[in-house]
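As a plain string of letters, each chain reads:
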Amino acid sequence: MSVLFVLVAISILVAGFFLFAFIWSVKSSQFEDQEGAAMRMLYDNNIDKK
Amino acid sequence: MFTTDEGKVVEKEVAANKLSCYHCGASCITANIHVEEKVFCCEGCKLVYEVINQNGLCDYYQLSSHPGLSQVKTLRSNKYAYLDDAAIAGQLYKFYNGKHAIVTLYIPGVHCSSCMWLLEHMHKLNDGIVESRLNFTTKEVTIRFLTDKVSLRKVVELLATLGYEPHISLDDSEGKKTKRIDRRRIYKLGVAGFCFGNIMLMSFPEYLSSAGIDKQYTMLFRVLNLILSVPVFFYAASEFFVTAWAGLKQKILNIDAPIALALIITYARSLYEIFTGIGSGYLDSMSGIVFFMLVGRVVQERTYKSLSFHRDYKAYFPIAVDVLKGSSVVSTKITELKENDIVQLHNDEIIPADGILIKGNARIDYSFVTGESEPVQLPEKSIVYAGGRQKGDQLLMQVIKPVVGSYLTSLWNNHAFSNNKTTANEEESIIHKFSKYFTIVLFILAAITALYWAVYDASKILPAVSAMLIVACPCALLLSATYTNGNLLRIFSNNGLFLRDATVIEQLGNIDHIVFDKTGTLTQGSKTYSTSGHQLSAEEEAMVYSVAISSQHPHSVALCEILGPHAKIQPDNWVEIPGSGVKATIGKHTIRIGSAIFTGVVEDADNKANVYVRIDDKITAYYFLPDFRDAAVQVMPELRDMCKISLLSGDNNRQEADLRKLLGQESELLFSQKPVDKLTYIAQLQQNGTKVAMIGDGLNDAGALQQSNVGITLTDDINNFTPSCDAILDASRLAYLPRLLRLARSARSIINLSFIVSILYNIVGLYISVRGDMEPMIAAILMPASTLSIILITTGASSIWARRLRLSLQAR
């Protein structure tokens, strides 16, 4: 039954990781400009070759 | 000017139906401006194309067709000279270390993926620019550049040449850099969600096993729950305590007070149960309720990043103007303008302060300040007021009052601007009134319960009373209001009405009197017209058309539309005098089109024509009558049924008869209203208890918008500058206005409905709790059940209502 202790610890760690990921993504302004990113990925990078 | 040869080309192209500019997509009058087979509408557009082409950035034109902005207006060469002033530049920098500088500029013209592409490749156009990044939502470009290679002025001028002229106003220089989005509530939401989920999970074993689980596991789960509940109570829920305390200090019982009380009692009782080992407490219910309340508040606090509801005159004024010092011209910050300074004013610039006209041909457009749509011609020595816009030549004026003391800015000193409308709305809100009674009733019930158990079984006083206070938490009421408002805000914005915050919804639902502004709100453009004087013959019409077609002035354009297409006769000696008119000769005839003075007409005071046409000695006057918006005509009967209507116009009463027909006999129409008059009119209506909505469009309505219960700005382009207001309505959705009002009125009933449901839950919960046997398990079922059903009822009812009103539920 002591495996439960390990599992509980792991589950909280995993959930804590996602909480950290969420806070980090908000902090690094990833939700500030939701339209821009969608357009930026459409650029061709061939401009330097000219 | 065109030679006869090119004149023919023009005719051919007009006949072959419209050419559009490769850069901006505007229709081209001539095919003469071109690079290879690409045609441009003006030299400006061609210039931008050349700059882009030389730098190999032509992908710009591949991403979307005709991405550019019309370049008809040319940039005055030293318009941005003031940016060379280190002090002014320093105020605009976000970061500056003597070498690198970072500046964020607002560019209203950004509209498509090409714009973004070009603005993010600015380092290709200038070596000094290291990096540029555009935030598409807020239309702000952040540019990092090396100050030893390129100056801020050069960067701004480069943007302007590309057609992306940034808007730099007095507002920017006044330390608005602290404008950062408050993300604290989002973090709290994340933490609350994480803790709620885990606490729920850890509580299941105890709920679900009927035989009871091992003692060691019970302890483990309880301790873990306790640890996880600490951030919920002390961090995520902190705003409830803070607001409740702030209210109590002012002797106000707001909705957060009973919520904070319930949270404290729940937490205290849970701690007691866990430490004494008699139970597992109500930590799951508590964190759940905190989480759902935070979600409700986040949904309700939706903001429109590209819109601003708080603009005053500062957003319209430039940072600096040219001041004559001896014989030299110095850029001076507007805030440093002193009395007796001599200001040099260029075409299309705004008068920064009240002053006396010293020199120049003044033709001032006061539409900004008064709403009067016609520019006025002023002689030297007359007084000009701040906010007017010079149309025409350069002017010299002497400042007589500093900026803050001027006629226009004094409007902002009116007390109407000092109230915080959000706070005022909250205090009037039904939720606020309700929460006061709720708390009182709750305390009376708690006292009765305590008395009852004191008589029968004193040991049950504490459990029964605490359980009651936990169950009776008015969070269901808070939830019904926040979720209804959140969903309504979303529906409103999908239908072109953007509200400043959720408190406006309730105000909007109470409106019983709507006041309209005329120019720009009910009317738009001018297609209809009337004439007086000489009747033009067909031949003369063609001559006037030919002279007017080469001018870009709105009146010339309107005149050409009226006269209709004619074959162009090539005029000779064609001259355009800005602010006055155009002049040319065709054959033996001299043709002048323009203002009264220019054409030598003695005006009659009441009936000023917009434009005069003079062919030799024969004079024709044209009066353009602004058209009513189709939607305005369409919605008026329905609005008249719903509430009273008034009209306040800064303009003269030329259109009174038409307006009377539109608005009906019972409506009040007032003309030649100054901004302060409009404000006072609304204040008078409010004194009789009327809830007034003001619908306007310009800075001249700013006072009235602020004074009214709901100030709505109507705008053709949502991204345009709008004065400070409570709501912004997309002019193309004006037809929806009556339905949007009805939806706002329904908010009250929806909130009432979910109030009733939540009170039913409260009664069930109270029934159980007063008997003193509230199981954590029952609380854990009751809490999510009531929360979810309230979310469903509020969002469902508001969406169904919106659908019945034929409003769109989806984003455009």
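Coordinates for the structure precede this section.
Residues numbered from 1 in each chain as written. Chains lettered and ligands numbered in written order. Predicted model: local features only at pLDDT ≥ 70, side-chain atom pairs only at ≥ 80, totals over all residues. Heavy atoms only, no water.

A count of helices and strands for chain A gives two helices and zero strands. Within the span of chain A, comprising 50 residues, buried residues form 24% of the whole. With the model as given, the accessible surface of chain A reaches about 3800 Å², and the carbon-plus-sulfur share is 71%. (Helix = DSSP H or I, 4+ residues; strand = E, 2+ residues; numbered from the N terminus. Buried < 20%, exposed > 50% of the residue type's maximum accessible area, 1.4 Å probe, protein only. Areas by Shrake-Rupley, 256 points an atom, 1.4 Å probe, with all protein chains shown as cover.)

All names here are of chain B. One pass over the structure, following the stated rule, counts four cavities of 30 Å³ or more. A volume near 320 Å³ is recorded for the largest cavity. Lining the largest cavity we find 20 residues, and of these Ile289, Ile470, Val471, Cys475 and Met783 sit closest to its centre. Residue assignment for the lining of the largest cavity shows that the elements contributing at least two residues are α10 (256–276), α11 (283–300), α14 (461–471), α15 (475–494), α25 (737–770) and α26 (776–804). When residues in the lining of the largest cavity are grouped by element, the largest group, five residues, is from α26. (1 Å grid on protein atoms, 1.4 Å probe; cavity = no way out; pocket = protein on both sides within 12 Å on 5 of 7 lines; lining within 4 Å. Points joined across faces, edges and corners; volume = space filled by probe spheres on them.)

Within the largest apolar cluster, 64 residues are counted, with the highest numbers of intra-cluster contacts made by Phe492, Leu497, Ile514, Phe516 and Leu639 of chain B. Those residues in contact with Leu497 of chain B that lie beyond four places of it in its chain are Phe492, Leu508, Ile712, Ala727, Ile728, Leu729 and Leu740 of chain B. (Core = buried A, V, L, I, M, F, W, Y, C linked by side-chain atoms within 4.5 Å. Contact = heavy atoms within 4.5 Å.)

The next thing to look at is the packing of aromatic side chains. Residue and element names in this part refer to chain B. Per the counting criterion, the structure on display carries 19 aromatic pairs over all chains. When the ring of Phe40 is compared with that of Tyr49, the centres are 5.2 Å apart and the planes differ by 40°; the resulting orientation is tilted. Overall, Phe40 belongs to the buried group, its relative accessible area being 0%. Note on Tyr49: relative accessible area 4%, which makes it buried. These aromatic residues form a ring-pair network of at least three members: Tyr22, Phe40, Tyr49 and Tyr61. The ring of Tyr736 is capped by Arg739, whose NZ or CZ atom sits 4.7 Å from the centre of that ring. Across from the ring centre of Trp801, 4.8 Å away, lies the NZ or CZ of Arg804, which sits over that ring. (Phe/Tyr/Trp six-rings, centres within 6.5 Å; stacked < 30°, edge-to-face > 60°. Lys NZ or Arg CZ within 6 Å of the ring centre and 35° of its normal.)

Chain B puts 32 residues into the contact, and the matching count from chain A is 28 residues. Taken over both partners, the interface formed by chain B and chain A buries close to 2700 Å², and the fraction arising from carbon and sulfur atoms is 64%. On the surface where chain B and chain A come into contact, there are zero salt bridges. Taken together, chain B and chain A are joined by one residue pair in polar contact (both at pLDDT 80 or more). Of all elements in the fold, only α3 (59–63), α5 (113–119), β7 (129–135), α7 (184–208) and α8 (215–236) of chain B reach the threshold of two or more residues within the side of chain B that touches chain A. A per-element tally of the side of chain B that touches chain A places α7 of chain B first, with seven residues. Looking at the side of chain B that touches chain A residue by residue, the classes come out as 17 nonpolar, nine polar and six charged. (Buried area = accessible area lost by both parts, 1.4 Å probe. Salt bridge = Lys/Arg side-chain N within 4 Å of Asp/Glu carboxyl O. Polar contact = N/O pair within 3.5 Å; in protein donor to acceptor, adjacent residues only side chain to side chain. Nonpolar A, V, L, I, M, F, W, Y, C, P; charged D, E, K, R; others polar.)

The subject of this paragraph is the pairing of strand β13 (residues 362–365) of chain B. Residues and elements named next belong to chain B. Side chains Ala362 and Ile364 project from β13 onto one buried face, and the interleaved Arg363 and Asp365 project onto a second face that is buried too. Pairing analysis gives three bridges linking β13 to strand β14 (residues 376–378), with the strands arranged antiparallel. Paired with Ile364 across the bridge in β14 is Val376. (Pairing = 2+ DSSP bridges.)

All names here are of chain B. Judged by pairing direction, the sheet is antiparallel, and its four strands sit side by side in the order β5-β6-β8-β7 without closing on themselves. The open sheet terminates on both sides in strands that have one partner only, identified here as β5 (93–96) and β7. Neighbouring strand axes in the sheet, compared pairwise and without regard to direction, differ in orientation by 15° on average. The strands that helix α6 (residues 152–161) touches are β5, β6 (100–106), β7 and β8 (140–146); relative to β8, the one it contacts most, it runs at about 135°. (Axes fitted to C-alpha atoms, helices over the stretch in contact; angles between N-to-C directions.)

Okay, the pairing of β5 of chain B next. Residue and element names in this part refer to chain B. Across three bridges, β5 lies against β6 in antiparallel orientation. By the bridge assignment for β6, Tyr96 is matched with Ala101. The loop that links β5 with its antiparallel partner β6 comprises three residues; one of these, Gly98, has a positive phi angle of about 95°.

On to a nonpolar patch on the surface. A surface patch of nonpolar side chains, about 1000 Å² in accessible area, is lined by Val3, Phe5, Val6, Leu7, Ile10, Val14, Phe17, Phe18, Phe20 and Trp24 of chain A. Its relative accessible area of 45% is what places Ile10 of chain A among the partly exposed residues. (Patch = residues over 30% accessible without salt bridge, like charges linked within 9 Å, V, L, I, M, F, W, Y side chains within 5 Å.)

Turning to the pattern of salt bridges, a few remarks are in order. Working definition: two side chains of opposite charge can pair if their charged atoms are close together. Residues and elements named next belong to chain B. For the structure on display, the rule yields 17 salt bridges over all chains. Residues Glu239 and Lys188 are paired through a salt bridge, measuring 3.6 Å at the closest nitrogen-oxygen approach. A residue pair is termed long-range when its members are at least 10 positions apart, and Glu239 in helix α9 (residues 238–249) and Lys188 in helix α7 qualify at 51 residues. The buried category is assigned to Lys188, whose relative accessible area is 12%. Because the salt bridges share partners, they merge into one network encompassing Arg185, Lys188, Glu239, Asp256 and Arg297.

Residue and element names in this part refer to chain B. Where α8 meets α11, the axes come as close as 10 Å, and the angle between the chain directions of the two elements is 35°. Considering only the axes of α8 and α11, their crossing is left-handed. Across the interface between the two elements, Asn225, Leu226, Ser229, Val232, Phe233 and Ala236 from α8 touch Leu283, Met286, Ser287, Val290 and Leu294 from α11. A breakdown of the residues in the contact of α8 with α11 according to their chemical character gives eight nonpolar, three polar and no charged. (Left-handed = near helix turned anticlockwise from the far one by under 90°.)

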